[in-house]
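One letter stands for each residue in the lines below.
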Amino acid sequence: MARRNHVDPAQVFRLFYPRTLLAWTQNFDWRITGRWMFYSAIIGVLGALAALVFGELVTLLTRLILIEGAGYPVPFPRGEGGTDIFDLEQVLHPARRWLLLIAPAVGGLLSGWIVFTFAPEAEGHGTDSVIRAFHRERGFMRLRAGLVKIVAAALTIGSGGSAGREGPITQIGATLGSWLAQRLHLSERERRLFLVAGMAAGLSSIFRSPLGGAFFAVEVLYREDIESEALMPAIVASITGYSLYTSIERSGTVFVTPRFEFVSPLELLPLIGFALCCAIVGIFYVRVFYGTKRRIFDPLPLPPALKPALGGLLVGAIAFFFPAIMGSSYGWLQQAIDGNLPMGFMALLALLKIFATSLTIGSGGAGGTFAPSLVIGGMLGGLYGEGLHRLFPTLITQPEAYVLIGMGTFVGGAANVPIAATIMISEMTGSYSLLVPLIFAGVITHLVARRWSLFEEQVRTHNDSPAHRAELLPDLLRQIPVAAVVERVPYFHTVEPGHTLREMLDLFTRTREVVLPVVAPGGGRPPRYLGLVLLEDLQSLLREADALSPLIVAQDVQVPFEAVRLSDTLEDALNRFLETRYPELPVLDERGEIVGFLRPHQLISEYHRALLRHLQQTPEVEARS
C-alpha cells in the first residue's frame, strides 16, 4: 500500500496567512496585553462582589431601620424591586415618624466612630480620596479603608442619611485595585491604572452601566480631560463586573422607563435655558456643599467622630417633616419618570436634597454625592418639563423625558463628567433615544460650570497632574539643585510693614526688582520675613499713588512669604511657582537668610540645557547597550 504524502498544517497555514497579520502578531506584545486583560477581569470580579455585599447591606439596613422600624415605605426604582403601586400621601406619613428624627443621628454616630477609629480616610464621599490617591499618592490606598467604607456608608445610607452609593463603591473598588497591584508588586503606573479599573468595576456593577462606569472612572480625574491610558483596563473590568453583578441580581437597569422620543429639533431651544438653569443650581449646590463643611462643621470644637451624628440629627429634623430626602431617593426618581409627582413636591425635594446632602456628607458622614445629584437634576428636569408642557403642549409632549435629561445634565455639570453622565443615564434607564438632548444640554452646562466641581481634587488637564509631571519633565529637574542656578546678590531692598505705597513704588522705580521682602522691624539675624510685596499687585495703583499713599502700607498689600532653599531641586522650585504664581521667589541659605532670587525663566533655560545634554547622551547610551 502506497504511503500518502504527509502535509504539514503549519506550512499550509504560513503559506496562506496574510502577511499583514503576520507582521501585526510579531509586533504585538501578547504577554503584556494578556496580563492586563487577565488582571482587569480579576478586578472586575472583585468590584462586583464588593458591590453585591455593599448593596445588600444598604438594602438590609434600610428595611430594618426605615421601612420596618419607622414604618416609612421607602419607594424603590423598579429595577431594584419597586412596584407600580404608589400612594404619595401614604409614603409621606410614616407610622413612627419620630424614629426618622433620631435614626440618621444614630447612624452618623456609629459611622463616625467606625471611620475615625479605624480609617479616617474613609470619611466623606470617597471619590475625592480616590482622585487624590491617583494624582498625589502614587496610587496607594489601604485595604482597611475600603472595608471600613462598606460598613460606614451602609450605616449612613441605611439609617436615612442623604447620600448615594457611588462614592463608597468608587473608593471600595479603587482600594481593591490598588491592593491587588500592591500584592503583585507592580509599578507605580500600573498601580494607578488598577485603581481606575477598580473604580470602574464597582460603579458599573452597582449602577448597571458597563460603558458609563468605565468612562466615569477615566473622566472624573480631570475637569477638562480624560485618563485615556486607563480606558482599556477600565472597560474590561467594568464589563466583567457588570456581567457578574447582573447575572446574580437579575436586573439589567436601575430604572424602568416608557419609550421616550426626540422628535423635533425645536425641542433643543428650551434645553438651552434648562442647561443654564442646571449650571446655576449646580454651582449653588457645590458652594452650599463645601460651605457647610468648611464654615459649619470644620470649625466646630467637637471630636470628628461626633460631627456625623450632629449632621444626621439635622437631616433627621428635615426628614421629620419631609422624609423624601432620606437615603439615595432613587425611588422618587422612578415616580417622577412615571409622572406621579406634583410640581411643588419636585421643587421642594430638589432644594431640600441639596441641604440634606451637604449636612450628611459635609459633617463627615460616609456616602456619595452622585445619587443626590441625580435626584436634584431629575427633579429640576421634571419641574422644567412639566412647566414647558403646560405652556407649549404641542411642542413638549413628553414632559417626563426631562427627568432623564435633568439627571444627566446636572450630574455632568456638577461633577465635570459630561460624557460619562450621558452614557450612564442611558444605560441606567435603558433609554438611548434621548442621546441628542442629553449631549446638547450636558455640554452647555459643563462649559458654563466647569470651574466648579463636587470633586475638589480634580485637576484641570493631564498636564496639571502630579502623576504625569515626571513624564512631561523626564526627571531632569529633580537632578539639579537650586544652588546650581541661582545668582547670588550682594544686596537687595526690603520694606517694613509700615512702609507706605509711595515708598514701595519708589523702590520698584529705582531698581529692577519685582518683589520686595517684608521684614519685621528691628533687624535681627536671621531676619524674620513676614511676606512679599509684588510689583504686579501695585501697578493698578500707580495713577492714584499720591492719594492712596497715606492709606496703604506694606502689610496691607503683602502676600504670604514663600521661598526655596539652596538645597531644594528645581522640581521643588517649579512646584512652588505653580502653587503661588509669584513672578520671583527668594532663595534661602541654611541659616534662613535670603541670598538670591529665582525666576521662572531661569528654570526654563536650565531645563532646556539639561534636555539638550540628555538628548546628546541618549544615542551614546543606546549605542553602548
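Residues numbered from 1 in each chain as written. Predicted model: local features only at pLDDT ≥ 70, side-chain atom pairs only at ≥ 80, totals over all residues. Heavy atoms only, no water.

Visitor: Pulling in residues and values, what's your account of helix H21 (residues 501-510)?
Guide: If you check which residues of H21 are buried, you get Leu501, Met504, Leu505, Leu507 and Phe508. For H21, the arc enclosing every buried residue in end-on projection is 155 degrees, short of the 170-degree limit, so these residues lie on one face. For H21, exposure combined with an orientation more than 90 degrees from the buried face picks out Thr509 and Arg510. Summarising the contacts, the buried residues of H21 are in contact with strand E2 (515-519), strand E3 (529-534), helix H22 (535-538), helix H23 (545-548) and helix H24 (554-557). (Buried < 20%, exposed > 50% of the residue type's maximum accessible area, 1.4 Å probe, protein only. Helix = DSSP H or I, 4+ residues; strand = E, 2+ residues; numbered from the N terminus. Arc of directions from axis to C-beta. Contact = heavy atoms within 4.5 Å.)

Visitor: Residues and numbers for the pairing of strand E6 (residues 594-598), please.
Guide: Judged by how many residues are buried, E6 sits mostly within the fold: five of five residues are covered. Direction of pairing for strand E1 (residues 487-488) relative to E6: antiparallel, over a ladder of two bridges. Bridge pairing links Arg488 to Gly596 in E6. Sheet analysis places strand E5 (residues 585-588) next to E6, joined by four bridges and oriented antiparallel. The residue bridging Leu588 from the neighbouring strand is Ile594, located in E6. Between the end of E5 and the start of E6, which pair antiparallel, lie five residues, with Gly592 showing a positive phi angle near 85 degrees. (Pairing = 2+ DSSP bridges.)

Visitor: Requested: an account of the sheet that holds E1, with residues and values cited.
Guide: Taking strand neighbours across the sheet as the criterion, the four strands line up as E1-E6-E5-E4 in an open arrangement whose pairing is mixed. Unpaired on one side and paired on the other, E1 and strand E4 (564-565) mark the two borders of the sheet. In the packing of helix H25 (residues 570-580) onto the sheet, the strands contacted are E4, E5 and E6, and the crossing angle to E5 comes to about 145 degrees. (Axes fitted to C-alpha atoms, helices over the stretch in contact; angles between N-to-C directions.)

Visitor: Account for the packing of aromatic side chains, naming residues and giving values.
Guide: The description of an aromatic ring pair uses the distance of the two centres, along with the angle that the planes make with each other. Scanning all chains against the criterion turns up 18 aromatic pairs. Between the aromatic rings of Phe38 and Tyr39, the centroid separation amounts to 5.9 Å while the plane-to-plane angle is 45 degrees, which identifies the pairing as tilted. You can call Phe38 exposed: its relative accessible area is 53%. What makes Tyr39 buried here is its relative accessible area of 16%. Geometrically, the ring pair formed by Phe289 and Tyr290 is edge-to-face, given 5.0 Å between the ring centres and 85 degrees between the ring planes. Ring-pair connections join several aromatic residues into one group, and the members of that group are Phe207, Phe216, Phe255, Tyr330 and Phe370. Here Arg192 stacks its cationic end above the ring of Phe134, 5.9 Å away from the centre of that ring. Over the aromatic face of Trp452 sits the side chain of Arg451, whose NZ or CZ is 5.1 Å from the ring centroid. (Phe/Tyr/Trp six-rings, centres within 6.5 Å; stacked < 30°, edge-to-face > 60°. Lys NZ or Arg CZ within 6 Å of the ring centre and 35° of its normal.)

Visitor: Outline the nonpolar core, supporting the account with residue identities and numerical values.
Guide: If you look at the biggest cluster of nonpolar residues, it comprises 139 residues, and the most contacted ones within it are Phe54, Ile325, Tyr330, Trp332 and Met379. The element contributing the most residues to this core is helix H12 (residues 268-297), with 12 residues. With sequence-adjacent residues up to four places away left out, Tyr330 is seen in contact with Pro77, Arg165, Phe207, Val254, Phe255, Phe370, Ala371, Leu374 and Met428. Formed by 32 residues, the second largest nonpolar core is a distinct cluster that contains Leu476, Ile480, Leu570 and Tyr607. (Core = buried A, V, L, I, M, F, W, Y, C linked by side-chain atoms within 4.5 Å.)

Visitor: Residues and numbers for unusual backbone geometry, please.
Guide: Backbone geometry places His185, a non-glycine residue, at a positive phi of 55 degrees. Along the chain, the position of His185 falls in the loop between helix H8 (166-183) and helix H9 (188-206). With relative accessibility at 71%, the residue His185 sits in the exposed group. A positive phi angle, near 60 degrees, is found at Arg581, a position not held by glycine.

Visitor: If you had to explain the pattern of salt bridges to someone new, which residues and values would you point to?
Guide: Summed over the entire model, instances satisfying the criterion amount to 19 salt bridges. We note a salt bridge from Asp298 to Lys293, for which the minimum N-O separation is 3.6 Å. The partly exposed category is assigned to Lys293, whose relative accessible area is 24%. Across the pair Asp589 and Arg591 runs a salt bridge, and its minimum N-O distance is 3.5 Å. Of the residues examined, Asp589 reaches a relative accessible area of 6% and is grouped as buried. Here the salt bridges do not stand alone but share partners, grouping Arg132, Arg136, Glu137 and Glu457 into one network. (Salt bridge = Lys/Arg side-chain N within 4 Å of Asp/Glu carboxyl O.)

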